[in-house]
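Reading the structure
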There are 2 protein chains.
Amino acid sequence: MAKPIEFYFDFSSPYGYLAAQRIDEIAAENRREVDWRPFLLGAVFKTTGGQPLLDIPMKGEYALRDLFRSARLMDIPIAVPKNFPFMSVSACRATYWLSEKDPEAGKALALALYRAAFAEDRNIANPQGVAEVAADLGHDPDEVIAAVQDPRIKDLLKREVDAAIGKGVFGSPYFIIDGEPFWGYDRLEDIGVWLESGGW
Amino acid sequence: MAKPIEFYFDFSSPYGYLAAQRIDEIAAENRREVDWRPFLLGAVFKTTGGQPLLDIPMKGEYALRDLFRSARLMDIPIAVPKNFPFMSVSACRATYWLSEKDPEAGKALALALYRAAFAEDRNIANPQGVAEVAADLGHDPDEVIAAVQDPRIKDLLKREVDAAIGKGVFGSPYFIIDGEPFWGYDRLEDIGVWLESGGW
């Protein structure tokens, strides 16, 4: 089996949310797995001088329009949460904690967290909010809250973020396929072609 | 006949170059004209705090790779010119000067200038370089050099750039279709769907 597609995303990234609804399907059509790796875009912005998309003059206004238009075209429900942009560190830690034990459960939690934030306007910016989403999937909320505050998990996330930056991940969503990087939900189609054709 | 598609681009924008090779064809398939409106991205960056794509840490390196990959997929020859990024003000002025007299000739010059810069590594950063490309199309090079230095044409370009910023144009390429904005060469496919379907 070929190597999994590395899928990097920030839980506070709306285009990451859109990509998360489709990437597994595109991968499966090409007999690939997807390795979901949340990271913190804020840490990357310290390196690149980037800033949250919706805060950029002119571009931010356009991006919001493009986001809703893209979601309608892809038939994906989306609402920008009231607390946007929000801190995504708790969501990241909970995902890595659960993925350590069971990668599939980790991915299911990540998807549920994304939908909670961008389709249900739930607050996933703090440990309690994340634990509630995890509880919906049958996980013990107290265990989740403890995990999010566990120094070992904090350190694990820090290393993941550093590793992502080391790989050149500067935006969300970001994909790496056999070393080939793709940035943006709008590369999903190219990714499909790339997987099918083996590159061009 | 429906309103023309407004196509905004900076001559120094490689993704603008890619889009310029395709937009008229996409428009024609949907019985639309395209109004080519070069502008100066540098002037916009003063408003948005943006910076040339290839200069941005991490993102710039990726963008170069994505650019060549996208060009290969679209089967468009491209080479980033040695003097990149270059001043595009002379090319802009010559295009508006010629378009005033003959819009089709203005568009043909714009396309020839883009190809000179990005497919033939010719220098279009100064009046002489622009005049040489215009001469290839049968225009009088001395007339082009005079036009590029004409205060009336300088003022015309200034007003065009201000108007573009007023419409929210913050990047290149940028398209406006019946008031609907699309940014980026990677929206060409969406533009095709939008034109065909009348929007979604």
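Being a predicted model, the structure only gives us computed values, none of them experimental. (Residues numbered from 1 in each chain as written. Chains lettered and ligands numbered in written order. Predicted model: local features only at pLDDT ≥ 70, side-chain atom pairs only at ≥ 80, totals over all residues. Heavy atoms only, no water.)

1. Considering the confidence of the model for chain A
Looking at chain A as a whole, the pLDDT averages 96, with 100% of positions reaching at least 70. Interface predicted TM-score (ipTM) for the complex: 0.91; the corresponding pTM is 0.94. (pLDDT = per-residue confidence, 0-100.)

2. Focus on unusual backbone geometry
Residues and elements named next belong to chain A. Residue Pro 173 is reached from Ser 172 by a cis peptide bond, and omega for that bond is 0 degrees. Tracing the backbone shows Pro 173 in the loop between helix H9 (151-166) and strand E3 (174-177). At Met 58, a residue that is not glycine, the phi angle is positive and equals roughly 65 degrees. By the secondary structure assignment, Met 58 is in the loop between helix H3 (41-48) and helix H4 (59-74). (Helix = DSSP H or I, 4+ residues; strand = E, 2+ residues; numbered from the N terminus.)

3. A few points about the pattern of salt bridges
Overall, the coordinates contain 38 salt bridges over all chains when judged by the stated rule. Between Asp66(A) and Arg187(B) there is a salt bridge whose closest N-O contact spans 2.8 Å. Within this pair, whereas Asp66(A) is found in helix H4, its partner Arg187(B) is found in the loop between strand E4 (180-183) and helix H10 (188-197), the two belonging to separate chains. In this pair, the class of Asp66(A) matches that of Arg187(B), namely buried. Residue Glu100(A) pairs with Arg152(A) through a salt bridge whose shortest N-O separation is 2.9 Å. On the criterion of sequence distance, the pair formed by Glu100(A) in helix H5 (residues 89-101) and Arg152(A) in helix H9 is long-range, its members being 52 residues apart. With relative accessibility at 45%, the residue Glu100(A) sits in the partly exposed group. (Salt bridge = Lys/Arg side-chain N within 4 Å of Asp/Glu carboxyl O. Buried < 20%, exposed > 50% of the residue type's maximum accessible area, 1.4 Å probe, protein only.)

4. Observations regarding the relation of the copies chain A and chain B
When chain A is fitted to chain B, the residual RMSD is 0.0 Å, and the transformation amounts to a turn of 180 degrees plus an axial shift of 0.0 Å. Taken together, the rotation and translation relating the two chain copies correspond to the operation of a two-fold axis. Minimal C-alpha separation from the rotation axis in chain A is found for Asp186(A), amounting to 3.5 Å. A share of 100% of interface residues in chain A that are also interface residues in chain B marks the association as one of identical surfaces. (Least-squares fit on C-alpha atoms with pLDDT ≥ 70 in both. Contact = heavy atoms within 4.5 Å.)

5. Thoughts on the layout of surface pockets
The volume enclosed by the second largest pocket comes to roughly 800 Å³. As for the second largest pocket, its lining consists of 26 residues, of which Asp186(A), Glu189(A), Asp190(A), Asp186(B) and Glu189(B) are closest to the centre. Of all the elements in the fold, those that place two or more residues in the lining of the second largest pocket are H4 and helix H10 (188-197) of chain A together with helix H2 (23-29), helix H4 (59-74) and H10 of chain B. (1 Å grid on protein atoms, 1.4 Å probe; cavity = no way out; pocket = protein on both sides within 12 Å on 5 of 7 lines; lining within 4 Å. Points joined across faces, edges and corners; volume = space filled by probe spheres on them.)

6. Considerations on the interface of chain A and chain B
Between chain A and chain B, the contact holds 31 residues from the first and 31 residues from the second. A buried area of about 2,900 Å², summed over both sides, lies between chain A and chain B, and 57% of it is on carbon and sulfur atoms. Interface area lost by chain A to chain B is led by Met58(A), Tyr62(A) and Trp200(A), which between them contribute 24%. Counting across the chain A and chain B interface gives 8 salt bridges. Across the salt bridge formed by Glu180(A) and Arg69(B), the nearest N and O atoms sit 2.7 Å from each other. (Buried area = accessible area lost by both parts, 1.4 Å probe.)

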